[in-house]
Amino acid sequence: MDIGKVTTIDHPIFDESVRFIRSRLHCPELDKLEVQVLERLIHTTGDFGIQDYLTFSPNACQLGVAALQAGAPILTDTFMAAAAVNPMASRTMQSSVHCILDWAPKKGHSGLTRTALGIESAWTDLSKNFNNESSPIILFGSAPKALEVLLGLIANGALSPSLIIGMPVGFISVLESKMLLSQMDLPQIRIDGNRGGAAMAAATVNALLRASWNIKQTNKKLSAE
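Residues numbered from 1 in each chain as written. Predicted model: local features only at pLDDT ≥ 70, side-chain atom pairs only at ≥ 80, totals over all residues. Heavy atoms only, no water.

**Details of the overall build of the chain**
When you go through the chain residue by residue, the secondary structure sums to 8 helices and 6 strands. Its helices and strands in sequence order give the chain the pattern α-α-β-α-β-α-β-α-β-α-β-α-β-α, from N to C terminus. Computed over its C-alpha atoms, the radius of gyration of the chain comes to 17 Å, within 12% of the 17 Å expected for a compact globule of 225 residues. For the chain, the C-alpha atoms occupy an extent of roughly 55 × 40 × 30 Å along the three principal directions. Looking at the 225 residues of the chain, the share that counts as buried comes to 52%. Look at the contacts in the chain between residues 6 or more apart in sequence, and 69% of them connect residues 24 or more apart. Counting only carbon and sulfur atoms, one obtains 54% of the accessible surface of the chain, whose full area is about 10500 Å². The chain carries 19 positive and 20 negative side-chain charges, and their two centres are separated by 7 Å. (Helix = DSSP H or I, 4+ residues; strand = E, 2+ residues; numbered from the N terminus. Rg over C-alpha atoms; globule rule 2.2 N^0.38 Å. Buried < 20%, exposed > 50% of the residue type's maximum accessible area, 1.4 Å probe, protein only. Contact = heavy atoms within 4.5 Å. Areas by Shrake-Rupley, 256 points an atom, 1.4 Å probe, with all protein chains shown as cover. Lys, Arg positive; Asp, Glu negative; His and termini not counted. Charge placed at Lys NZ, Arg CZ, Asp CG, Glu CD.)

Quick look at the structure:
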């Protein structure tokens, strides 16, 4: 099974773009799934330099793919990220996609953002029916304070996500939240520094959805032979 192969579920222009990226990419230290994530991020940003900021914990991509195949839901910190993930989720693994803001109050208070205030309820509700193998995958592209709150919940015994995609963008609390994430023994894919955003977080999980779909199709073909 060649999980590095360009998928057939995308527009031909996307496939051509991936081939262009691959012809110029050199990253022997990454495995095939990690390369797929990097390719998608380069395609999303138009920036080969993003490779220098991308960090994977051991087996992060494999754990994310396994969780998607086990039916793990996807939780995002913005409606923008959810909108970017929904189409790929629908045409691949039919993963359910949720946004923390559906649990958030209409206004922030006490110096916290709406997402930071909503994360505890969102995580409690969404993770209560799952175990460690299929716990939700969570994306942060815009909410560093919410990431910090989630990490505090986990430190106090809450269920750990199958994978954290930690890519909040900006300047306030961003570096601090990523540093805190890097210090925790959790499956994670991070963009270090001030870069990030909803599009990059969504692109990362979309790459894993593609890989999960390709593996599923390969397994179907093998079982039919």
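**Some words on the packing of helix α2 (residues 32–45) against helix α8 (residues 198–224)**
Relative orientation and spacing of two packed helices are given, respectively, by the angle between their axes and the distance between those axes. It is at 9 Å that the axes of α2 and α8 come closest, and there the two elements cross at 140°. When the axis of α2 is compared with that of α8, the two are oblique. Where α2 crosses over α8, the handedness of that crossing is right-handed. Mapping the contact onto sequence places L33, Q36, V37, R40, L41, T44 and T45 in α2 and A199, M200, A203, T204, N206, A207, L208, R210 and A211 in α8. (Axes fitted to C-alpha atoms, helices over the stretch in contact; angles between N-to-C directions. Parallel < 35°, antiparallel > 145°, perpendicular 65-115°, else oblique. Left-handed = near helix turned anticlockwise from the far one by under 90°.)

**Some thoughts on the pairing of strand β4 (residues 137–140)**
Burial of β4 is two-sided: the residues I137 and L139 facing one way and the residues I138 and F140 facing the other way are all buried. One ladder, built from 2 bridges, connects strand β2 (residues 74–76) with β4; its direction is parallel. Residue pairing across strands places I74 opposite I137, the latter belonging to β4. As defined by bridge partners, β4 adjoins strand β5 (residues 163–166) across 4 bridges and the pair is classed as parallel. By the bridge assignment for β5, I137 is matched with L163. Handedness of the crossover joining β4 and β5 through helix α6 (residues 144–155): right-handed. (Pairing = 2+ DSSP bridges. Right-handed = clockwise from strand over helix to strand, strands pointing away.)

**Thoughts on unusual backbone geometry**
Peptide bonds are mostly trans, and most non-glycine residues show a negative phi. You will see that Q94, though not glycine, has its phi angle at about 55°, which is positive. You can see Q94 is positioned in the loop between α4 (79–91) and β3 (97–99). The class for Q94 is exposed, based on a relative accessible area of 53%. Not every positive phi belongs to a glycine, and S173 is a case in point at roughly 70°. Along the chain, the position of S173 falls in the loop between β5 and α7 (174–182).

Note that all results are geometric; they support no functional claim without further evidence.
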